[in-house]
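Letter by letter, the chains look like this.
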Amino acid sequence: MMKELLQKLYDVSGPTGGEDAMRKRLTDHLGPSVDEWSVDSLGNLYAVVRPKETSHGVILLTAPMDEPALVVIDDRERPYLRVETLGRLAASAWIGRTVQCSRTGARGIIGVESEIKSSDVTAHHLFIDLITDRDQPELGYFFTAVTPLTWHDERYVSGPALTSRVPCAILCDILLQGATSYTIVGVFAAQSELGARGARVAGHSVKADLALTIQTTEALDTPKAERGTVKLGGGPAIKEADRDMVVAPRVRAALTHTAKAASIAFQLEINLTSRSDAGVLFLSRDGMPAGGVSVPVRYPNAQSPLMDWNDVIATRDLFLSLLHQPEFLQNF
Amino acid sequence: MLLKELTEAFGPSGFEGEVRDLIRREATPFAERITTDTLGSLIVEKNLQQNGPKVLLAAHMDEVSFMIVGIEENGLLRFRPIGGVDPRILVSKVLLVGSKRISGVIGAKAIHLQKPEERKKPLGLSQLFIDIGASTKAEAESHVAIGDTAVFATRYEEYGDRRAKAKSFDDRVGCAILLEALKEDIKLPLVAAFTVQEEIGLRGAGPVAFRTKPDFAIVLEGTVCFDVVDAPAHGESTILGAGPALTLVDSRTVAHRPFRAYVKQVAEENGIPVQMRRVKGGSNDNGIIHLTEGGIVATSISVPVRYIHAPVQSVHLDDVQNAYRLLISVLRGLEKGGFPG
Ligand SMILES: [Zn+2]
C-alpha cells in the first residue's frame with residue numbers, strides 16, 4: 001500500500017519553488033479523507049483532518065514535498081538552456097543527468113562546458129541540452145532529475161527524490177488513517193530545499209499545540225563517515241538536536257515513550273550540521289513546541305539516496321501510535 | 001524625478017537619517033500618514049480608507065558604505081565596509097567622511113614599495129586606509145571619531161545617450177520612483193516604504209511588512225547589470241537600456257510565478273520593454289517580505305545598474321522611466337481587480 005503510494009508520488013516532479021504537480025497529486029490521492037484544504041503564497045499545501053469529537057489539541061505535521069531543481073535563466077543558445085541550481089545538490093552533481101521540465105515534460109541531458117575542471121564547476125558552466133528545438137520552455141521553468149525508483153531485495157529503496165517523497169508518503173498515510181482525538185494539520189511544505197522557507201510561513205499560519213516534522217537524516221554508518229548517531233535500519237530517528245534546534249525534553253519523551261510502549265525500535269537523531277524544518281517551526285509566533293522524527297538515509301546529497309523500508313514503516317507506525325493516544329498533549 | 005538629490009544624500013546602512021529627512025519632506029504633501037518605525041524605515045501611507053487590495057511598495061534607503069574603526073598615530077583612518085564592496089575597487093577613491101562630510105582619499109602602499117608577491121595580489125582591506133589630510137591622531141580626532149561612517153563622494157551627472165552616473169542608484173533609483181508614484185492618483189490603499197539596512201541582510205523590510213500587512217508587495221530595486229566586457233551572455237544578468245528586469249529567482253526568493261506573469265502581461269499590454277534577470281545571485285527586500293507572517297504575494301521591478309556597489313554606478317534613464325511606467329500600469333491594473341491574487 002505505502003509502496004504504491006510512494007511510487008505514485010515519485011512519478012511526479014516537485015521542483016523546489018514549483019511544487020504544483022506534487023500538490024495536485026497529493027490532493028487527488030487524499031481526496032475526501034481530508035476535511036479542509038488550502039494553499040498559501042509560498043506553495044505550501046495544508047490538509048486538515050478534524051477529530052472525531054471535541055479536539056484535544058492541534059498537531060501540525062510537516063513533510064517536505066520539494067526536490068533539488070534547475071531553473072532556466074537564459075535560452076539564447078538554443079537548444080542549450082542556461083540554468084541556475086536550486087537546492088542542496090552541488091552543480092557538479094547534475095552533470096550527465098537526464099532531466100525533465102516540470103511543466104512541459106520536455107527532457108534533456110545536463111552538459112558542462114568542456115574547459116572546466118570538475119571541482120570548479122558552478123551552475124554557470126552547466127547547460128541543459130534539450131536536443132531538439134521543440135517545446136522550448138520559458139525562462140523560469142524548472143527541471144528535475146529523471147531517475148527511476150530502484151528497489152533492492154524489496155527491502156531497500158533508492159532514488160534522488162526520496163528525501164521528500166518518503167516523508168510525503170508517510171504523512172499521506174497518516175492522514176488516510178482517519179480521525180483521531182486531535183485536529184491534525186498536515187503541511188506538505190514547499191521550498192524546504194531552500195532553507196525551510198515554506199515551514200517558516202506554515203509555522204505562522206497554523207497555531208498548533210505541537211509541531212512535528214517528518215523528514216530524513218543522514219545515516220552515518222558508512223566507511224570513514226563523520227561520527228553520528230544514526231544507522232540505516234536502526235529505526236525512526238527521534239530528533240534530539242540538529243543545527244537549528246535542541247528539542248525540548250518533554251517533546252522528545254512523548255515520542256520515545258510512545259516508541260517503547262509500541263515496541264518500535266528507535267534511535268536518537270543528534271546531528272549538529274544538518275538542517276530541518278523543525279528549527280523554524282519552534283521559533284514561529286511566540287514559540288511553538290516542536291520536534292521531529294527522521295527516516296535514516298544514506299547518500300542524501302548524491303544521485304542515489306538509499307533507505308531501509310523497515311525504517312519507513314516504523315516511522316509511520318510511531319506517528320500513528322502517538323496520535324492514537326488521546327491524552328498525551330495534556331501532560332505537556 | 002529626484003535622482004540627483006537622492007543619490008547624493010548620505011545613507012550608510014543604519015544611518016539613513018539624511019535620506020529619510022529628504023524623502024519625508026518630499027512625500028509629506030501626498031501622504032495621509034507618515035511613520036518612522038523602530039528600525040528607522042519611513043512608512044508613507046495613502047488612501048487608508050480606500051477599498052481594494054493594500055499594496056506595499058518598497059525601496060531601500062541605505063547604500064554600501066564604510067565605518068571608521070581605527071585612527072593611526074599618523075592621522076590615517078582604518079575602516080571596514082558596511083555592505084558588500086569588492087576591496088579591489090577601493091584604492092584612490094574619494095569618500096565623504098563623518099557628520100561633517102569631510103573629504104577623504106582611500107590610499108595604499110605605493111606600487112614601488114610593494115614586494116613582488118604583494119603586487120600580484122589585489123589589495124585587501126587591511127592594506128588600505130583613508131587619508132583625510134590630517135598629520136596626527138589628535139588632528140584626525142578633531143574631525144572624525146571611531147564609529148563614524150563614510151560614503152563615496154560621487155556626484156550625480158547625466159552623460160552619453162540618456163545615461164546617468166551616481167554613487168547610490170542601488171537603491172535611490174527605487175526611492176525616486178516611489179516618491180514619484182506617490183503623486184499619482186491611484187485608487188488603492190498604498191504603503192510606500194523606504195526601508196533601512198537592506199545591504200546588510202534585508203533587516204528593515206520584515207518589520208515593515210509585519211506592521212503594514214499588505215495584500216501585495218512590489219519591491220523597486222537597482223539590480224546587477226554586467227553587459228560589458230568578458231561576460232558570457234548568461235552571466236550578464238541584465239542589459240542596460242533593455243527595460244526594467246523581473247526576477248525569476250534570486251538567492252533569497254523564488255518569484256511568485258502568477259504575480260510575475262501578471263506584471264509581464266501588463267508590460268506587454270502597455271508596450272513597456274521588460275527583461276528577465278538572468279542570475280540567481282543577489283537579493284532584495286522581497287527575500288524577507290514574501291516570508292512575512294503567513295506569506296505575502298510579492299514581486300520586484302528592478303532597474304539595471306552597471307558597476308553596482310562601486311563608487312560610480314550607471315543607469316539608463318529610459319530604464320528608470322520604464323520601471324516607473326510599469327509600476328504605475330501595474331497599480332492601475334490592480335485598481336481594476338486585474339490580479340485577484
Ligand atoms: Zn539594493
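You'll find chain B entered in an unreviewed UniProt entry as Peptidase M42, with Ferroacidibacillus organovorans given as the organism.

1. Points about the pattern of salt bridges
Residue and element names in this part refer to chain A. As enumerated under the stated definition, the model contains 39 salt bridges over all chains in all. Between Asp-242 and Lys-239 there is a salt bridge, with the nearest N and O atoms lying 2.9 Å from each other. Each of the two residues, Asp-242 as well as Lys-239, counts as buried.

2. Observations regarding the UniProt feature "binding site: Zn(2+) 1" (unreviewed entry) in chain B
Residue and element names in this part refer to chain B. The residues that UniProt annotates with the feature "binding site: Zn(2+) 1" (unreviewed entry) are His-60, Asp-170 and Glu-221. Considering the C-alpha atoms alone, the annotated residues occupy 162 residues of sequence yet fold into one spot, their largest mutual distance being 8.2 Å. Its place among the elements puts His-60 in strand β3 (residues 55-60). With a relative accessible area of 1%, His-60 lands in the buried category. When residues no more than four places from it in sequence are discounted, the contact partners of His-60 are Asp-170, Asp-171, Cys-175, Thr-195, Glu-198, Glu-199, Glu-221 and Asp-285.

3. A few points about the UniProt feature "binding site: Zn(2+)" (unreviewed entry) in chain A
Residue and element names in this part refer to chain A. Under the feature "binding site: Zn(2+)" (unreviewed entry), the UniProt entry names Glu-193. Tracing the backbone through its elements, the reader meets Glu-193 in the loop between β12 (183-189) and α4 (197-205). Exposure remark for Glu-193: the relative accessible area of 17% places this residue in the buried category. Ignoring anything within four residues of it in the chain, the contact list for Glu-193 reads Thr-16, Asp-66, Glu-67, Pro-68, Gly-87 and Arg-88.

4. Regarding the nonpolar core
Among the nonpolar cores identified, the biggest contains 79 residues, and Phe194(B), Ile218(B), Leu327(B), Leu331(B) and Leu334(B) are the most heavily contacted of them. Broken down by element, the residue count for this core peaks at 10 residues, all from helix α9 (residues 317-335) of chain B. Here Leu327(B) is in contact with Leu57(B), Ile177(B), Leu178(B), Ala181(B), Ile218(B), Leu220(B) and Ile301(B), once residues within four sequence places are set aside. Formed by 77 residues, the second largest nonpolar core is a distinct cluster that contains Cys168(A), Val201(A), Val293(A) and Leu320(A).

5. A word on the domain arrangement of chain B
All names here are of chain B. Partitioning chain B into domains gives domain 1 (3-63 + 167-335) and domain 2 (65-152). If you average the C-alpha positions of domain 1 and of domain 2, the two centres end up 31 Å apart. Contacts between the two partners involve 13 residues from domain 1 and, on the opposite side, 16 residues from domain 2. Summing both partners gives a buried area of about 1100 Å² for domain 1 against domain 2, and 68% of it is carried by carbon and sulfur.

6. So, the interface of chain B and chain A
Between chain B and chain A, the contact holds 27 residues from the first and 28 residues from the second. The junction of chain B with chain A conceals about 2200 Å² of combined surface from both sides, 60% of it contributed by carbon and sulfur atoms. Counting the contacts that link chain B with chain A gives two salt bridges. As a salt-bridge pair, Arg278(B) and Asp74(A) come within 3.6 Å of each other at their nearest N and O atoms. Looking at side-chain class alone, the side of chain B that touches chain A contains 11 nonpolar, nine polar and seven charged residues.

7. Overview of the sheet that holds strand β9 (residues 142-145) of chain A
Residue and element names in this part refer to chain A. Overall, antiparallel pairing links the six strands, which are arranged β4-β5-β8-β7-β6-β9 in a closed barrel. With direction set aside, neighbouring strand axes in the sheet form an average angle of 45°. Taken together, the three bridges between strand β6 (residues 98-101) and β9 define a ladder with antiparallel strand orientation. When the bridges of β9 are listed, Val-99 appears paired with Ala-145.

8. Brief notes about empty space enclosed by the protein
Residue and element names in this part refer to chain A. Inspection of every chain in the model, using the stated rule, returns three cavities of 30 Å³ or more. Of the pockets and cavities examined, the largest cavity occupies roughly 70 Å³. Along the walls of the largest cavity sit Glu-67, Pro-68, Arg-88, Leu-89, Trp-94, Arg-97, Ala-145, Pro-160, Ala-161, Pro-300 and Ala-302, which together make up its complete lining. A breakdown of the residues in the lining of the largest cavity according to their chemical character gives eight nonpolar, no polar and three charged.

9. Describing the packing of helix α2 (residues 17-27) of chain B against helix α5 (residues 169-182) of chain B
What describes two packed helices is the angle between their axes and the distance between those same axes. All names here are of chain B. Where α2 contacts α5, the two axes come as close as 10 Å, and the packing angle between them is 20°. Taken together, the axis directions place α2 and α5 in an arrangement best described as roughly parallel. Here the hand of the crossing between α2 and α5 comes out right-handed. Between α2, through Val-19, Ile-23, Glu-26 and Ala-27, and α5, the contact on the second element is made entirely by Arg-172, Cys-175, Leu-179 and Leu-182.

10. Notes on the side chain of Ser13(A)
All names here are of chain A. Relative to the assigned elements, Ser-13 resides in the loop between α1 (2-10) and α2 (20-30). With a relative accessible area of 17%, Ser-13 lands in the buried category. A distance of 2.9 Å separates the side chain of Ser-13 from the side chain of Thr-144, its partner in a polar contact. If we ignore the near neighbours within four places in the chain, the residues touching Ser-13 are Ala-21, Met-22, Glu-67, Ser-102, Thr-144 and Arg-165.

11. Section: the UniProt feature "binding site: Zn(2+) 2" (unreviewed entry) in chain B
All names here are of chain B. In this numbering, the UniProt entry assigns the feature "binding site: Zn(2+) 2" (unreviewed entry) to Asp-170, Glu-199 and His-309. A maximum C-alpha distance of 9.8 Å is found for the annotated residues, which run over 140 residues; spatially they form one tight group. Assessed through its relative accessible area of 13%, Glu-199 is described here as buried. Locating His-309 in the fold gives a position in the loop between β16 (297-306) and β17 (313-316).

What counts, and at which threshold
- Residues numbered from 1 in each chain as written.
- Chains lettered and ligands numbered in written order.
- Predicted model: local features only at pLDDT ≥ 70, side-chain atom pairs only at ≥ 80, totals over all residues.
- Heavy atoms only, no water.
- Salt bridge = Lys/Arg side-chain N within 4 Å of Asp/Glu carboxyl O.
- Buried < 20%, exposed > 50% of the residue type's maximum accessible area, 1.4 Å probe, protein only.
- UniProt positions renumbered as here; feature names shortened; annotations may be inferred.
- Helix = DSSP H or I, 4+ residues; strand = E, 2+ residues; numbered from the N terminus.
- Contact = heavy atoms within 4.5 Å.
- Core = buried A, V, L, I, M, F, W, Y, C linked by side-chain atoms within 4.5 Å.
- Domains from an automatic or database assignment.
- Buried area = accessible area lost by both parts, 1.4 Å probe.
- Nonpolar A, V, L, I, M, F, W, Y, C, P; charged D, E, K, R; others polar.
- Pairing = 2+ DSSP bridges.
- Axes fitted to C-alpha atoms, helices over the stretch in contact; angles between N-to-C directions.
- 1 Å grid on protein atoms, 1.4 Å probe; cavity = no way out; pocket = protein on both sides within 12 Å on 5 of 7 lines; lining within 4 Å.
- Points joined across faces, edges and corners; volume = space filled by probe spheres on them.
- Parallel < 35°, antiparallel > 145°, perpendicular 65-115°, else oblique.
- Left-handed = near helix turned anticlockwise from the far one by under 90°.
- Polar contact = N/O pair within 3.5 Å; in protein donor to acceptor, adjacent residues only side chain to side chain.

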